[in-house]
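Inside the fold
The lines below spell out each chain.
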Amino acid sequence: TQSTGSSGINAEYGGHAFNGDQSKVVICDTSNVATIYKKDSKGTYTKDTELAKHIERIKSVDWAPNSNRIATCAGDRNAYIWNWNAEENKWKPSLVLLRIDRAATYIRWSPKEDRFAVGSGARLLSICYYDEEHDWWVSKHVKKPIRSTILCCDWHPNNYLIAVGSCDFKCRVFSSALKELEDKPETSGWMPKLSKFGTLLVEFDTSEGWVHGVKFSPSGDKLAWVSHDASVNVVDMGNLTKVYRCLTTGLPLSSVIWLHESSLVCGGHENCPVLYNIVGENVVYGAKLDVNTKKAGGGMSAMARFRQLDDKGTDGDKGTKLTTTHQNAISELRVTKAEGGRAKQFSSSGVDGRLVVWEVDVLAATINELNI
């Protein structure tokens, strides 16, 4: 039901991002180097090049599909924008003036790719844009009322709003319109009246744990976030006082994406993607999007099973290999292909050092109780 691209390195994957045509993917693990893998003629990804400039662990990566620029941020309090230099046939980094005194934790390009956001342990969000006069990337800070490390952020499709999740158990939406770029945002349910840069538009405190993942729906009308209390939270801009909350019975969730306006997929310490549907004013569990590949009985005869019990005190079926595709927690989910506001394909990277691509139509045809 899915194709797996493995780098052959058993390292923990913290994040990943595909380029525009999915011919390449950049991955960050536990080192200070981001690695680019290239798809070969057989459809497998092999190592292409390394992006080595940071001196501490890279925490997050993102790849702008249209401008073909890679953004990285790390524990060394720096962020770099990597541009492909065709003459020198290599990626060249340009430094970003973040002006922070704590580790950079999360980075994301805006939909129009004219700016990007960097979350950090400095209790602030850096909105970065290119200063043509000085030929460098500069930043403006969103500080109040963030009281702890930022773990995630996501841009609204209109390019001028951003949602932020942090360790103070809160999810917030800010205005990110820049007068330096002559932005002309429009009013909406998120921003009833035009607000200047850094204005707190709405704050949600329904979570009882760190907010690990946040995501706007394809239309931008809804916002979803997941936190360390294993809850899935959704709010509609038509009624910002009503939060649809599902407190799951599973382990904490780390990432969330939308399949369409009423279905979302979460991933985390359950080791597999999980579908949730919005039914009325409720977030309802759908199904685990993974197929149990373990064979019953393992093909062992009754005599062999008895010998195992006699020699080892076990029947041999209880190994360390899990029945899920990922053998450890999922660190990040991303939509890799969408049509008409509906996701057709998404990817997941995990602590087990695996990158998995999931086809939504294949999953829908394979899992009986699936309702997407």
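Calculation notes
Residues numbered from 1 in each chain as written. Predicted model: local features only at pLDDT ≥ 70, side-chain atom pairs only at ≥ 80, totals over all residues. Heavy atoms only, no water. Helix = DSSP H or I, 4+ residues; strand = E, 2+ residues; numbered from the N terminus. Buried < 20%, exposed > 50% of the residue type's maximum accessible area, 1.4 Å probe, protein only. Contact = heavy atoms within 4.5 Å. Pairing = 2+ DSSP bridges. Lys, Arg positive; Asp, Glu negative; His and termini not counted. Salt bridge = Lys/Arg side-chain N within 4 Å of Asp/Glu carboxyl O. Polar contact = N/O pair within 3.5 Å; in protein donor to acceptor, adjacent residues only side chain to side chain. Axes fitted to C-alpha atoms, helices over the stretch in contact; angles between N-to-C directions.

Moving on, we get to the environment of Gly119. In this fold, Gly119 is placed in strand 11 (residues 115-120). Classification of Gly119 by relative accessible area gives buried; the value is 0%. When the C-alpha positions of Gly119 and Thr149 are compared, they lie 7.7 Å apart, and in sequence the two are 30 residues distant. Setting aside its immediate chain neighbours within four residues, Gly119 contacts Ala104, Thr105, Tyr106, Leu124, Leu125 and Ile150.

The element strand 10 (residues 104-109) is extensively covered by neighbouring structure, given that six of its six residues are classed as buried. Bridge count between strand 10 and strand 11: five bridges; the pairing is antiparallel. Looking across to strand 11, one finds that Trp109 is bridged to Phe116. Counting the residues in the hairpin turn of strand 10 and strand 11 gives five residues, including Glu113, whose phi is positive at 65°.

It is worth spelling out the side chain of Asp76 at this point. Mapping Asp76 onto the fold places it in the loop between strand 7 (69-74) and strand 8 (79-85). Buried charge Asp76 goes without a salt bridge, the closest partner of opposite sign being Arg77 at 7.5 Å. One polar contact links Asp76 to His54, side chain to side chain, over a distance of 3.1 Å. There is a polar contact of 3.0 Å between the side chain of Asp76 and the backbone nitrogen of Ile55. The residues touching Asp76, leaving out its near neighbours within four places in the chain, are His54, Ile55 and Glu56.

As summarised here, the arrangement of the four strands in space is 18-19-20-21, forming an open sheet in which the pairing is antiparallel. Lying at the two open borders of the sheet, with one neighbouring strand each, are strand 18 (211-216) and strand 21 (239-247). In this sheet, neighbouring strand axes are inclined to one another by 20° on average, regardless of whether the strands run parallel or antiparallel. Taken together, the five bridges between strand 19 (residues 222-227) and strand 20 (residues 231-236) define a ladder with antiparallel strand orientation. Opposite Trp225, over in strand 20, you have Asn233 as the bridge partner.

Take the pattern of salt bridges next. Pairs may arise between side chains of opposite charge once their charged atoms sit close together. Summed over all chains, the structure comprises 19 salt bridges. The closest approach of N and O atoms between Glu50 and Lys47, which form a salt bridge, is 2.7 Å. Taken together, the shared-partner salt bridges in this structure form one network comprising Asp62, Arg108, Glu332 and Arg334.

This paragraph deals with the pairing of strand 19. Taking burial as the measure, the six residues of strand 19 include six buried ones, the bulk of the element. Residues Lys222, Ala224 and Val226 point to one face of strand 19 and Leu223, Trp225 and Ser227 to the other, with burial holding for every one of them. As paired strands, strand 18 and strand 19 are joined by five bridges and run antiparallel to one another. Opposite Lys215, over in strand 19, you have Ala224 as the bridge partner. Between strand 18 and the antiparallel strand that follows it, strand 19, lie five residues; Gly220 among them carries a positive phi value of about 85°. Hairpin connection between strand 19 and strand 20: a loop of three residues separates the two successive antiparallel strands, and Ala230 in this loop has a positive phi of roughly 65°.

This paragraph deals with the sheet that holds strand 17 (residues 200-204). Reading across from one edge, 14-15-16-17 is the order of the four strands in this open sheet, with antiparallel pairing throughout. Only two strands of the sheet have a single neighbouring strand rather than two, namely strand 14 (150-155) and strand 17. On average, each strand axis in the sheet is tilted by 20° relative to the strand beside it, whichever way the strands run. Examined bridge by bridge, strand 15 (residues 161-166) and strand 16 (residues 171-175) share five bridges and lie antiparallel to one another. Looking at strand 16, one finds that Gly165 is bridged to Cys171.

As far as function goes, none of this settles anything; it's purely spatial.
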